[in-house]
Amino acid sequence: MFGFRTAFRYAFSKTRGQRVTSIMILVGIAIGLIALLVISAVMNGLQNAQMDQLRNLESFDLIIKSDTLQSEHVRYIYGVDDAFRFLETNALLVDETSETSQSIRIRAFDGDIYDSKRMSQSFTVISGSKDDMSGVLYSYSTRNRMGIRYEDSIKITFLKPGKTATIVPYTAKLPVSGFFSSKMSEFSSSTAFMDYEKLSGIIGSEDSKIAVYVSGNMKTVIQSILALDPDAQIITWQEYNKALYSALMLEKTLMYVFLAFMFLIICVNLKNSTRRLLSNKQKEGAMLRALGCSRKKVNAIFLGQGLFICIIGEILGVILGKILIANIQNILDFVDSVVFSVSGQKTVLALIPFNASIGNVEILFVCIFIFLLSLIFTAIGCRKIYRSEIMEVILNATY
Amino acid sequence: MQPIELISITKRFRTAEKGEGEITILSNIDLGVVQGQSTAIIGKSGSGKSTLLHIAGGLDSPSEGKVLCNGTDFATLDDRHRSALRNLHIGFIFQSNLLLEDFTALENVMAPALIAGKKEKECKDRAVELLNRLGLADRMNHIPGKLSGGEKQRVAICRALMNSPEVILADEPTGALDEENAGEVEQLLLDLVREEGRSLLLVTHNQDFAYRCDNVYLLKNHVLTKEK
């Protein structure tokens, strides 16, 4: 208890400007932690938003290739939100009016996926109707790029299985049945939708797959699917988006590494502050030894003062960081309005809706990391006390 | 059994310049601190008086010889046990009234007992009693910066007495005080020996103070000789 009390007093000692130094380090740790938490939360938010779009539109949670399973079988598995059979093929789009062409991926769903909760979060039909699939539903960006209009007839060249050759080109003129927009520009510009029966009539249904939205435990769902069809090929959204997923994880790891460097600088300050405190308090350290404190106990007191600063800084950092994260959207809106009033342009962050979020485990991990770093650097700062001899310090005490 | 016994103590220091070898500060010194008596060591500055006192208190180690505290050789103990022995059996008073700057007078006095792991209430009662006895009742909640030199030294004496040690080691206890305060502190220390039967080992330049003690030794040319 005496050691605990002494460490606290030393951490915020009024003598020789120690309190100011301690508060500056404490604030440094708090600001560093706030930065780390807020940046992590913003990155998590942006990554989650991106991942959600990918899972809603591009890769779904699971894609199953099975010769025996039907989407109805999968839909009734516990933990599955929805399941739809779909076909996908690449085609060449030629607009004779505007004399433009582009390659496009055409997807066709067997069932009303467009009304499903997950799909509708990221997908909107702007004109035409998703119920009218007599033609092709294009994205708004394709419409703008190719200059196509509602009910135009567009020439589309598919590759379909041939009788004498493996694949043969097949061209059909199909009307534009409407336009959609999605929250993923890459997806919108490269994808069009059409009726399942119509597309299977052209390219066949041998390559059809089942798109699955999962709300429960992914592993359990996969096990249940494999129990129904052990030969089923299952691709998870992480596997489907492996390159992007890896890049996002790498980005996050690198961000942590760079922010850790920032903490190294704070910890070097902590070490220097501990050294300064030691030189300020060396006489008292020697006195404590004379009064009966062991070398280990005196060292623990000096180590404790550094850790007090660190813990209080961390508590402050976590509280302020959480408040900031909860209000990040308001702050960004405010920054955006200021930038807009000055420059007339909106900031990038205001254009991307996201929910900044950080888990308690992540916060705990960051706090433990900072605590350990502080412990190491304070211990380095305390090494001097191991080398000093009490008698020499007392004899050389100048104040 | 003597509370502190120095047997054939020799202390050498390595000189700063390389190749100069070692210099001897203390040579083959024997000294016993007798229970209930005051002992003063006098000598010129740099003669090794403080070094001898620090060796007697286990703050420094001799190059040769043994220091027995209540019959236990300091050299046979590890740092933790040596510190505990120092805490319970020896009270230190230094020349420059070394007090903990961030603690009040009361907390300073309580420190040795708290280090020993005694209960806070018990420590506080004893510290208040000591401070009252030494006329510091109205100064106990003041930090050292707000105390005069004499008051600080009296707080240091209270602190040295806190764990009721058998021996008090005092290094120039009046060296930084004016005549009036020095006289008060001298009387206080000598009264403690007479009234409470403690032992006092004192290092001083003050010949008058030294000769008021029961035993006087002169440290000269690294050797200790009895003067009284």
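These numbers were taken from a predicted model, which means no experiment stands behind them.

Asks: Describe the overall build of chain B, listing the residues and the values that go with them.
Replies: Helix and strand counts for chain B stand at 7 helices and 10 strands. Taking 17 Å as the expected radius of gyration for a compact globule of 228 residues, we find that chain B reaches 18 Å, a close match to that expectation. Taking the principal axes of its C-alpha atoms as reference, chain B extends roughly 55 × 40 × 40 Å. When contacts within chain B are restricted to residue pairs at least 6 apart in sequence, those whose partners lie at least 24 apart make up 69%. Carbon and sulfur atoms make up 46% of the accessible area of chain B, which totals about 9800 Å². If you average the places of the 27 positive and of the 33 negative side-chain charges in chain B, the two averages end up 3 Å apart.

Asks: Report on the confidence of the model for chain B, specifying residues and quantitative values.
Replies: Mean pLDDT over chain B stands at 85; residues scoring 70 or higher make up 97%. ipTM for the predicted complex: 0.85, alongside a pTM of 0.71.

Asks: Tell me about the interface of chain A and chain B, and name the residues and values.
Replies: Facing 29 residues of chain A, the contacting portion of chain B comprises 27 residues. Surface buried jointly by chain A and chain B totals about 2600 Å² across both partners, of which 60% is contributed by carbon and sulfur atoms. Scanning the region where chain A abuts chain B turns up 3 salt bridges. Here R289 of chain A makes a salt bridge to D79 of chain B, at a shortest N to O gap of 3.0 Å.

Asks: Could you give me a rundown of unusual backbone geometry, with the residues and numbers involved?
Replies: All names here are of chain B. A positive phi angle is found at S8, which is not glycine, with a value near 50°. Mapping S8 onto the fold places it in strand β1 (residues 4–14). With a relative accessible area of 29%, S8 lands in the partly exposed category. For N28, which is not glycine, the phi dihedral falls at a positive 50°. Residue placement: N28 occurs in strand β2 (residues 22–33).

Asks: So what's going on with the sheet that holds strand β10 (residues 223–226) of chain B? Residues and values would help.
Replies: Residues and elements named next belong to chain B. What the 6 strands build is an open sheet, ordered β6-β7-β8-β3-β9-β10; its pairing is mixed. Taken across any chain shown, the strands that pair with only one partner, and hence form the sheet edges, are β6 (90–93) and β10. In this sheet, adjacent strand axes meet at a mean angle of 20° when their direction is disregarded. In the sheet, β6 pairs with strand β7 (residues 167–171) via 4 bridges, with the strands oriented parallel. Bridged to F92 within β7 is L169. Contacting β3 (38–42), β6, β7, β8 (199–203), β9 (215–220) and β10, helix α1 (residues 49–56) runs over the sheet at an angle of about 155° to β7. Along the sheet face, helix α2 (residues 79–89) touches β6 and β7 and points at about 75° away from the line of β6.

Asks: A description of helix α8 (residues 218–228) of chain A should follow, citing residues and the corresponding values.
Replies: All names here are of chain A. M218, V221, I222 and I225 are the residues of α8 that are buried. Down the axis, α8 shows its buried residues gathered within 100° of arc, on one side only. For α8, the exposed residues lying more than 90 degrees away from the buried face are K219, Q223 and A227. Packed against the buried residues of α8 are β1 (62–65), β2 (80–95), β9 (209–214), β10 (233–236) and α9 (237–240). Two to three positions downstream of the cap, the backbone nitrogen of K219 sits 2.9 Å from a side-chain oxygen, assigning the N-cap of α8 to N217.

Asks: An account of the pattern of salt bridges is requested, with residue identities and associated values reported.
Replies: If the charged atoms of two oppositely charged side chains come close together, the side chains can form a pair. Residues and elements named next belong to chain B. All told, the structure shown has 17 salt bridges over all chains when counted by the stated rule. A salt bridge links D60 to K11; the shortest N-O distance between them is 3.4 Å. A residue pair is termed long-range when its members are at least 10 positions apart, and D60 in the loop between α1 and β4 (64–69) and K11 in strand β1 qualify at 49 residues. An identical accessibility class is assigned to D60 and K11; each is buried. One salt bridge connects E64 with R12, and the closest N-O pair in it is separated by 2.5 Å. In this pair, E64 is assigned in strand β4 and R12 in strand β1, connecting sequence segments 52 residues apart. E64 gets classed as partly exposed once you look at its relative accessible area, which sits at 39%. Assessed through its relative accessible area of 28%, R12 is described here as partly exposed.

Asks: Describe a negative patch on the surface, naming the residues involved and giving the relevant values.
Replies: Side chains of D112, D131, D132 and E151 of chain A sit close together on the surface and give a patch of like negative charge. Within the secondary structure, D112 of chain A is located in the loop between β3 (100–110) and α4 (117–122).

Asks: Describe the pairing of β8 of chain B, with residues and values.
Replies: Two faces belong to every sheet, and in a regular strand the side chains alternate between them. Residues and elements named next belong to chain B. Counting buried positions along β8 gives 5 out of 5 residues, so the element sits mostly inside the fold. Covered by surrounding structure in β8 are S199, L201 and V203 together with L200 and L202, the residues of both alternating faces. Inspection of the sheet shows β3 paired to β8 by 4 bridges, in the parallel sense. Paired with I41 across the bridge in β8 is V203. In the sheet, β7 pairs with β8 via 5 bridges, with the strands oriented parallel. Across the sheet, the residue bridging to A170 is L202, located in β8. With helix α6 (residues 179–196) bridging β7 and the parallel β8, this β-α-β connection has right-handed handedness.

Asks: Explain the domain arrangement of chain A to me, using residue names and the numbers behind them.
Replies: Taken domain by domain, chain A holds domain 1 (2–49 + 245–396) and domain 2 (62–237). Relative placement of domain 1 of chain A and domain 2 of chain A: their C-alpha centres are 51 Å apart.

Asks: Outline the nonpolar core, supporting the account with residue identities and numerical values.
Replies: Counting 124 residues, the largest nonpolar core has L288 of chain A together with I41 of chain B as the members making the most contacts within it. Sequence-distant contacts of L288 of chain A, defined by excluding residues within four places in its chain, comprise F2, T6, Y10, C293, V298 and I301 of chain A together with L100 and I115 of chain B.

Asks: Any details on the sheet that holds β2 of chain B? Residues and values, ideally.
Replies: Residue and element names in this part refer to chain B. In spatial order, the strands read β2-β1-β4-β5; together these 4 strands make up an open sheet with antiparallel pairing. In the strand order of this sheet, the two ends are held by β2 and β5 (72–73), each with one partner. Pairing geometry for β4 and β5, over 2 bridges, is antiparallel. Residue C69 lies in a different strand from β5, and its bridge partner there is T72. Relative to β1, α1 is tilted by about 125°, and along the sheet it contacts β1, β2 and β4.

The rules behind these values
Residues numbered from 1 in each chain as written. Chains lettered and ligands numbered in written order. Predicted model: local features only at pLDDT ≥ 70, side-chain atom pairs only at ≥ 80, totals over all residues. Heavy atoms only, no water. Helix = DSSP H or I, 4+ residues; strand = E, 2+ residues; numbered from the N terminus. Rg over C-alpha atoms; globule rule 2.2 N^0.38 Å. Contact = heavy atoms within 4.5 Å. Areas by Shrake-Rupley, 256 points an atom, 1.4 Å probe, with all protein chains shown as cover. Lys, Arg positive; Asp, Glu negative; His and termini not counted. Charge placed at Lys NZ, Arg CZ, Asp CG, Glu CD. pLDDT = per-residue confidence, 0-100. Buried area = accessible area lost by both parts, 1.4 Å probe. Salt bridge = Lys/Arg side-chain N within 4 Å of Asp/Glu carboxyl O. Buried < 20%, exposed > 50% of the residue type's maximum accessible area, 1.4 Å probe, protein only. Pairing = 2+ DSSP bridges. Axes fitted to C-alpha atoms, helices over the stretch in contact; angles between N-to-C directions. Arc of directions from axis to C-beta. Polar contact = N/O pair within 3.5 Å; in protein donor to acceptor, adjacent residues only side chain to side chain. Patch = residues over 30% accessible without salt bridge, like charges linked within 9 Å, V, L, I, M, F, W, Y side chains within 5 Å. Right-handed = clockwise from strand over helix to strand, strands pointing away. Domains from an automatic or database assignment. Core = buried A, V, L, I, M, F, W, Y, C linked by side-chain atoms within 4.5 Å.

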